[in-house]
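Now for the letters of each chain:
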Amino acid sequence: MSRFVDRVTIHATAGNGGHGCSSVHREKFKPLGGPDGGNGGNGGDVTLVVDPQVHTLLDFHFHPHAKAGNGRPGAGANRDGANGEPLILPVPDGTMVLDAEGRLLADLVGEGTTFAAASGGRGGLGNASLASRARKAPGFALNGEEGEIRELVLELKSVADVGLVGFPSAGKSSLVSVLSAAKPKIADYPFTTLRPNLGVVNSGSDVFTIADVPGLIPGASTGRGLGLDFLRHLERCAVLAHVVDCATLEPGRDPITDIDVLEGELAAYQPALQSDTGLGELANRPRVVILNKIDVPEAAELAEMVTAELSDRGWPVFAISAVTHKGLKELTYALADLVRQYRIDHPKPIARRPVIRPIATDDNGFSIISDPAEPGAFIVRGVRPERWIKQTQFGNDEAVGYLADRLNRLGVEAELIKLGAEAGCSVTIGEVTFEWEPMTPVAEDFPMSGRGSDIRLDRPERIGATDRKIARRLRRGLDPELEEPDDRG
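Where an unreviewed UniProt entry is consulted, the protein chain appears under the name GTPase Obg, with the organism given as Gordonia rubripertincta. In UniProt, the protein chain has this text filed under Sequence similarities (unreviewed entry): "Belongs to the TRAFAC class OBG-HflX-like GTPase superfamily. OBG GTPase family." The record held by UniProt for the protein chain lists under Function (unreviewed entry) the comment "An essential GTPase which binds GTP, GDP and possibly (p)ppGpp with moderate affinity, with high nucleotide exchange rates and a fairly low GTP hydrolysis rate. Plays a role in control of the cell cycle, stress response, ribosome biogenesis and in those bacteria that undergo differentiation, in morphogenesis control."

Asks: Can you help me understand the side chain of T392 in this one?
Replies: Looking at the secondary structure, you find T392 in the loop between α8 (383-391) and α9 (397-410). One polar contact links the side chain of T392 to the main-chain carbonyl oxygen of W388, over a distance of 2.7 Å. With residues near it in sequence (within four places) discarded, T392 still touches N143, A399, V400 and L403.

Asks: Sorry if this is basic, but what is going on with the pattern of salt bridges here?
Replies: Here the idea is simple: oppositely charged side chains can pair when their charged atoms come close. Taken as a whole and assessed by the stated rule, the structure comprises 12 salt bridges. Of the charged contacts, one joins D99 and R103 as a salt bridge, the two residues approaching to 3.0 Å between their closest N and O atoms. Take D99: its relative accessible area is 11%, and that puts it in the buried class. D337 is the partner of R340 in a salt bridge, and the nearest nitrogen-oxygen pair spans 3.0 Å. A residue pair is termed a helical-turn pair when its members lie 3 or 4 positions apart in one helix, as R340 and D337 do in helix α7 (residues 328-345) at three residues. Here R340 falls in the partly exposed class, since its relative accessible area comes to 36%. Residue classification places D337 among the partly exposed residues on the basis of a relative accessible area of 40%.

Asks: Got a minute to help me understand the sheet that holds strand β6 (residues 104-108) in this structure?
Replies: In space, the five strands of this open sheet follow the order β3-β1-β8-β5-β6, with mixed pairing throughout. Strands at the two margins of the open sheet, each flanked by one partner only, are β3 (65-67) and β6. Going from strand to strand, the sheet's axes swing by 25° on average, the running direction of each strand aside. Of the pairings in the sheet, the one linking strand β1 (residues 7-13) to strand β8 (residues 149-156) comprises seven bridges and is antiparallel in character. Paired with I10 across the two strands is L152, which belongs to β8.

Asks: I would appreciate a short explanation of α8 in the present structure.
Replies: Side chains of residues three or four places apart in an α-helix project in the same direction, reflecting 3.6 residues per turn. Listing the buried residues of α8 in full gives P385, R387, W388, I389 and Q391. Along its buried surface, α8 packs onto β16 (378-381), α9, β17 (426-429) and β18 (432-435).

Asks: Could you clarify how one ought to interpret empty space enclosed by the protein in this entry?
Replies: Summary: where empty space remains is shown by rolling a probe the size of a single water molecule over the atoms. Counted under the stated rule, the structure contains two cavities of 30 Å³ or more. Of the voids in this model, the second largest cavity is the one considered here, and its volume is about 30 Å³. In this structure, the second largest cavity is lined by G166, F167, A170, V243, V244, D245, R253, D258 and L262. For the lining of the second largest cavity, the leading source of residues is strand β12 (residues 239-245), giving three residues. Residues of the lining of the second largest cavity, tallied by class, amount to five nonpolar, one polar and three charged.

The rules behind the values
Residues numbered from 1 in each chain as written. Predicted model: local features only at pLDDT ≥ 70, side-chain atom pairs only at ≥ 80, totals over all residues. Heavy atoms only, no water. UniProt positions renumbered as here; feature names shortened; annotations may be inferred. Helix = DSSP H or I, 4+ residues; strand = E, 2+ residues; numbered from the N terminus. Polar contact = N/O pair within 3.5 Å; in protein donor to acceptor, adjacent residues only side chain to side chain. Contact = heavy atoms within 4.5 Å. Salt bridge = Lys/Arg side-chain N within 4 Å of Asp/Glu carboxyl O. Buried < 20%, exposed > 50% of the residue type's maximum accessible area, 1.4 Å probe, protein only. Pairing = 2+ DSSP bridges. Axes fitted to C-alpha atoms, helices over the stretch in contact; angles between N-to-C directions. 1 Å grid on protein atoms, 1.4 Å probe; cavity = no way out; pocket = protein on both sides within 12 Å on 5 of 7 lines; lining within 4 Å. Points joined across faces, edges and corners; volume = space filled by probe spheres on them. Nonpolar A, V, L, I, M, F, W, Y, C, P; charged D, E, K, R; others polar.

Take a look at the structure:
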């Protein structure tokens, strides 16, 4: 038996970026071949795409974990790693995406609408891409970033122009089957319909969609029966049509009472989230009353008796029979007119143009705050510093020195000095805490040592030195502790 699922929780995991490669070209008769490590591939994204062939979230109910492919690591000979395979997840039209706290992230309406559920990690740069004037042959590469991991809630709200509302067995599914080509399950017992059924109706030059919602009962707005689960499918409907069973034999049931009960449930229902439909509350939607099953003589008499009272409420009333098709033509034209008027009053919004906001000149891309847990300590926050921390191979001194250069150029060190940071204080960036040493010279102003090492880390007493004389003596292989002879002598 097929199931209808309209609310699920998924765990989207994007692919990790591949690590960069640290390699030096080695070939006979080609000395000093230079670095040739390739870059790692980017991790794959997880993307939601509206597919008109998908009508339920059932697949996510059984397979809630979605993971994209990881990027491949780089290799020598300047070979870049392959990008991870992206994962595209088809969802029904009208799917709303919420985060774990219930905040609306996206309202996916319209074929082809996409949403990036999780972004793949960037691939790390190989040492060939890291080579510069100061670092001719870097002995390190950058790690790939981890892919984004998100827990999302998908909630389906049917997209239909007309929503049929009524008690169980009022004939809503039968009406959909005769007005459109839809073939919903029809039986003579309550709650036959366990999922909204959508159909496309052609009325002259007008085309609109119609949906029947599983039967509502008193208390549906508070969760009784199936009503609360499916009232959300009425939120996008422009017109609500009360389908009333005029041939019911249940005690205490009559068309006026049924409509009053349903109106109370519609008025009491408060959607958890308002999408950008512009339709307002359910109680304010245009109404149509459909008195069904007039092929039964007693039902026809009852429909004639209550028509005047219902018309006094300002609602169009139509007496029809889904079995004999009596009154269906007038009903179809009336629904088409209401839908056409709604489309005139609520034109489709123009697609938003992308807005490019330049970065302010005083925005350095990071912020520094005092650590509340440790006096005199600081926490650096920012997308770039935190990403650089994840990319660094801390077992390689040269990679750590490269990280120090990047932070210095970004202005982190200057900002720490402004805030009164002292040598040896704790500085936390991302998940890494280290002891800070001020005035670390960048690589362009300080000689680099062998591959995989950094003299600024090997000789702590030299960290902070800015004397060009020490740099010159180190380049010439002399001991910087000795006095430098006169260049003229």
